[in-house]
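Coordinate analysis (summary)
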Amino acid sequence: MPPVPAQTQTSVRTLHGDLDKLQPRVRTWVEQQARICQPDNIHICDGTTEENTIILNMLEAQKVIKKLPKYDNCWLANTDPKDVARVESKTVICTENERDTIPKPAEGVKGQLGHWISPKDMEIAFEERFPGCMRGRTMYVIPYSMGPVGSPLAKYGVQVTDSAYVVASMRIMTRMGANVLDAIGEDEFVKCLHSVGAPIPDSENGTKKWPCNPKKVMIAHIPDKREIISFGSGYGGNSLLGKKCFALRIASRIGRDEGWLAEHMLILGITNPQGEKKYIAAAFPSACGKTNLAMMQPTLPGWKVECVGDDIAWMRFDDEGRLRAINPENGFFGVAPGTSMDTNPNAMRTIHSNTVFTNVAETSDGGVWWEGMEKPQEGVEITTWLGKKYDPTDKNMKAAHPNSRFCAPAAQCPIMDPAWESPEGVPIDAIVFGGRRPKGVPLVYEAFNWTHGVFIGAAMRSEATAAAEHKGKSIMHDPFAMRPFFGYNFGQYLTHWLSMQNHPGAKLPKVFHVNWFRKAEKGGFLWPGFGENSRVLDWICRRVDNEDCARESPIGHIPSEGSLNLEGLKEEVDMQELFSLPRDFWTQEVKEIEKYFRQQVSEDLPNEIANELQKLGERVQKL
């Protein structure tokens, strides 16, 4: 963090809480931020229901959110149309050496694996933005825990923000309150500074329903100091700093330093009809079905899926050499469009109370609506997220923004796993990678070994999604579904993953790749997906148990003929096309991966990964 300017004010009125009762290290940092940002007031959050009610009512009075009378304690926020998604182009990591943040790309190639900023440029950017940025506003101090308070896998943070919307959302997404301050004690904590960048005395900021500063957005991370600095955006991925900023970018760096993994993965427990339970961690890019899988209702009779988390997993070895995982979050920040009673009934049951919706459409009976959801009753009108009357015949009109969200407490999900808040975490039996691949990639395959599994994660590609500012349906490289979230050099990240097999007594999970989205030559998806994906998880579980139900292919082990349980499947599935490996496609895939590694990772690519690519190329030529 740049030095505190000497000219700024030092005394600020405390509306709620007591600065004197903060731990000295926390108080010193909070007072430094207050001197820089110059808020009118300070509010130290305690996380209580009473405080939450006050915050929500205040936001309603300010017309930032609107109460939804159809549900219990549910609210709707509509952001500025320029503040609707993570802004990857303005998300930076600050280290002394650029190579610590991103690999050095090939000559003349623009790097895609993160954005680096020098400490000097960071200081300039900070000085341009933060002094006086909270004038006329209240600075909220949010002590929060990522993971169950007291868990050996948990980490703590303190966020200061001038957005009450952030306070209400962080209370859902994290474990927030006074007990976290006690847990921090004299230990280090991740320091998170956030401002919407709209001081009230300036121009029209006082009348804006959704204050933001799109031209000056910056989301910066300083891993060496465990600091996050965010300016100009109130959107969740940019302002709820416990989420991607802390739980992935900063935590991935902490994990490297301490010997564990922070990953963009769901965690689910799956129990077969015999009562045998396994836990699976799965990495998909945003909007590729992570939440649907984490809350799946299996169609296979007698199977049960329970949710530990839908987005982020922290995994650490236990004393027996098994990777154990916690979900560091306390809520779901799910993509709304496409979520319905057909696709994810458990998500729909989760969001009928205590939920904050953002950028979805509103119905005239006091509810919400989005594309893919069941149609409202006759006579009920829909108002789009932009405040216009919805016309379903207008193909260019979206009722809800494609990246609209629901923010709901995880504990409300009817299928939360009994161990979802277990301090020691749950033991991971399988790691699954996946993405949207319309062509060439089969429904499921298994890595030959751990090193090959790391290669599969590194080589992941998927159609671009609405969760970031990218447009269109181009196939993008998204290694480990972490491309926007790496906290340090991707080459070093691969080395860290490879090193897991060197842990004394390591009993590593098996690694798989899935693709629910392959399309037939004549159009349409080849696989029905959703609850039918339980058939794939059944096969994965049997492979974890070393059942002989696979055959070797050039890309990995794929299900042997008849080994996928298709009993009761309602629609015809062309298994031959679903598992075909077109030689031309895979020849091109090898070329694309080789080009990506050569141009983007270059000298930082571990030899083990380069060797796996070479071996894949040799096997594909034998197709």
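Predicted model, so just to flag it, every value in this text is computed and none were measured.

This next bit is on unusual backbone geometry. Although it is not a glycine, lysine 63 sits at a positive phi angle of roughly 65 degrees. Along the chain, the position of lysine 63 falls in the loop between helix H2 (49-61) and strand S3 (65-67). Taking the relative accessible area as the measure of exposure, lysine 63 reaches 59% and is therefore exposed. Its identity is not glycine, yet asparagine 359 carries a phi of approximately 65 degrees, on the positive side.

All of the buried residues along helix H4 (residues 119-129) are Met122, Ala125, Phe126 and Arg129. Mapping the buried residues of H4 onto a view down its axis gives an arc of 100 degrees, with all of them on the same face. Each element contacted by the buried residues of H4 is listed here: helix H1 (24-37), strand S5 (91-94), strand S6 (116-117), strand S10 (190-195), strand S11 (218-222) and strand S12 (227-231).

So, on to the domain arrangement of the chain. Where interface size is quoted, it is often the accessible area lost as the parts come together. Under the domain assignment used here, the chain contains domain 1 (13-64 + 85-259), domain 2 (262-329 + 417-622) and domain 3 (332-412). Relative to domain 3, the C-alpha centre of domain 1 lies at a distance of 28 Å. On the side of domain 3, 10 residues touch domain 1, which itself brings 10 residues to the contact. Note on domain 1 versus domain 3: buried area summed over both sides is about 810 Å², and carbon and sulfur give 72% of it. When the buried surface of domain 1 facing domain 3 is broken down by residue, Tyr165, Ile172 and Tyr235 rank first, second and third, together holding 56% of it. For the interface between domain 1 and domain 3, the tally reads zero salt bridges. Joining domain 1 to domain 3, the criterion identifies three residue pairs in polar contact (both at pLDDT 80 or more).

Before going further, it helps to spend a moment on the sheet that holds strand S24 (residues 405-409). Spatially, five strands are ordered S3-S4-S20-S24-S19 in an open sheet, and the strand pairing comes out mixed. Every other strand in the sheet has two partners, leaving S3 and strand S19 (331-335) as the edge strands with one partner each. Looking at each pair of strands side by side, their axes are set apart by 20 degrees on average, direction ignored. By the bridge criterion, five bridges tie S19 to S24 in an arrangement that is antiparallel. From the neighbouring strand, glycine 331 faces S24, where its bridge partner is proline 409. Of the strands in this sheet, S3 and strand S4 (75-77) are in contact with H2, which crosses S3 at around 105 degrees. On the sheet, helix H5 (residues 164-173) packs against S4, S19, strand S20 (356-358) and S24 and is oriented at approximately 55 degrees with respect to S24.

Turning our attention to the packing of H2 against H5. As a packed pair, H2 and H5 sit with axes 10 Å apart at the nearest point and diverge in direction by 140 degrees. By the angle between their directions, the pair H2 and H5 is classed as oblique. H2 and H5 meet at a crossing whose hand is left-handed. On H5, the residues that touch Thr49, Asn52, Ile55, Leu56, Met58 and Leu59 of H2 are Ala164, Tyr165, Val167, Ala168 and Arg171. Grouping the constituent residues of the contact of H2 with H5 by class yields eight nonpolar, two polar and one charged.

When you line up the elements, glutamate 608 lands in helix H16 (residues 607-620). Judged by relative accessible area, which is 40%, glutamate 608 ranks as partly exposed. For the pair glutamate 608 and leucine 56, spaced 552 residues apart in sequence, the C-alpha separation works out to 52 Å. Residues in contact with glutamate 608, not counting those within four places in the same chain, are Thr451 and Leu498.

All right, on to the side chain of glutamate 532 then. Structurally, glutamate 532 is set in the loop between strand S30 (510-514) and helix H13 (534-544). On the basis of relative accessibility, which here comes to 11%, the residue glutamate 532 falls in the buried class. Within polar-contact distance, the side chain of glutamate 532 engages the side chain of threonine 299 at 2.6 Å. In contact with glutamate 532, not counting residues within four places along its chain, are Thr299, Trp527 and Leu569.

We now examine the confidence of the model for the chain. In low-pLDDT segments, the atomic positions of the prediction should not be examined closely. Summary statistics for the chain give a mean pLDDT of 94 and a share of 96% for residues scoring 70 or more. In the predicted structure, residues 4-9 sits below a pLDDT of 50 and forms 12 contacts with residues beyond four places in sequence or in another chain.

With the rule as written, the count across this model stands at zero disulfides. Lacking any disulfide linkage, cysteine 74 is separated from the closest cysteine sulfur, that of cysteine 407, by 11 Å. On the basis of relative accessible area, cysteine 74 is assigned to the buried category, the value being 0%.

As paired strands, strand S17 (residues 313-317) and strand S18 (residues 323-326) are joined by four bridges and run antiparallel to one another. Residue pairing across strands places methionine 315 opposite alanine 325, the latter belonging to S18. Once S17 ends, the chain turns through five residues before running back antiparallel as S18, passing glycine 321 with a positive phi of about 85 degrees. Sheet analysis places S18 next to strand S25 (residues 426-427), joined by two bridges and oriented antiparallel. Across the sheet, residue arginine 324 finds its bridge partner in S25, namely proline 427.

A few words on the pairing of strand S7 (residues 138-146). When you tally the buried positions in S7, you get nine out of nine residues, the bulk of the element. Of the two faces of S7, both are covered, the one formed by Thr138, Tyr140, Ile142, Tyr144 and Met146 as well as the one formed by Met139, Val141, Pro143 and Ser145. Sheet topology note: the strand S2 (residues 41-44)/S7 ladder contains four bridges and is parallel. Residue pairing in the sheet places isoleucine 44 in a bridge with valine 141 of S7.

A separate point is the sheet that holds S25. Two strands in a sheet stick together by hydrogen bonds in their backbones, pointing the same way (parallel) or opposite ways (antiparallel). Here we have four strands laid out as an open sheet, ordered S13-S17-S18-S25, and antiparallel in their pairing. If you trace the sheet from one side to the other, it starts and ends with strand S13 (261-263) and S25, each paired once.

Inspection of every chain in the model, using the stated rule, returns 38 salt bridges. Close ionic contact of glutamate 188 with lysine 191 constitutes a salt bridge, the shortest N to O distance being 3.8 Å. For arginine 535, the salt bridge identified is with glutamate 532, shortest N-O distance 2.7 Å. Assigned by exposure class, arginine 535 and glutamate 532 land together as buried.

What counts as what
Residues numbered from 1 in each chain as written. Predicted model: local features only at pLDDT ≥ 70, side-chain atom pairs only at ≥ 80, totals over all residues. Heavy atoms only, no water. Helix = DSSP H or I, 4+ residues; strand = E, 2+ residues; numbered from the N terminus. Buried < 20%, exposed > 50% of the residue type's maximum accessible area, 1.4 Å probe, protein only. Arc of directions from axis to C-beta. Contact = heavy atoms within 4.5 Å. Domains from an automatic or database assignment. Buried area = accessible area lost by both parts, 1.4 Å probe. Salt bridge = Lys/Arg side-chain N within 4 Å of Asp/Glu carboxyl O. Polar contact = N/O pair within 3.5 Å; in protein donor to acceptor, adjacent residues only side chain to side chain. Pairing = 2+ DSSP bridges. Axes fitted to C-alpha atoms, helices over the stretch in contact; angles between N-to-C directions. Parallel < 35°, antiparallel > 145°, perpendicular 65-115°, else oblique. Left-handed = near helix turned anticlockwise from the far one by under 90°. Nonpolar A, V, L, I, M, F, W, Y, C, P; charged D, E, K, R; others polar. pLDDT = per-residue confidence, 0-100. Disulfide = S-S within 2.5 Å.

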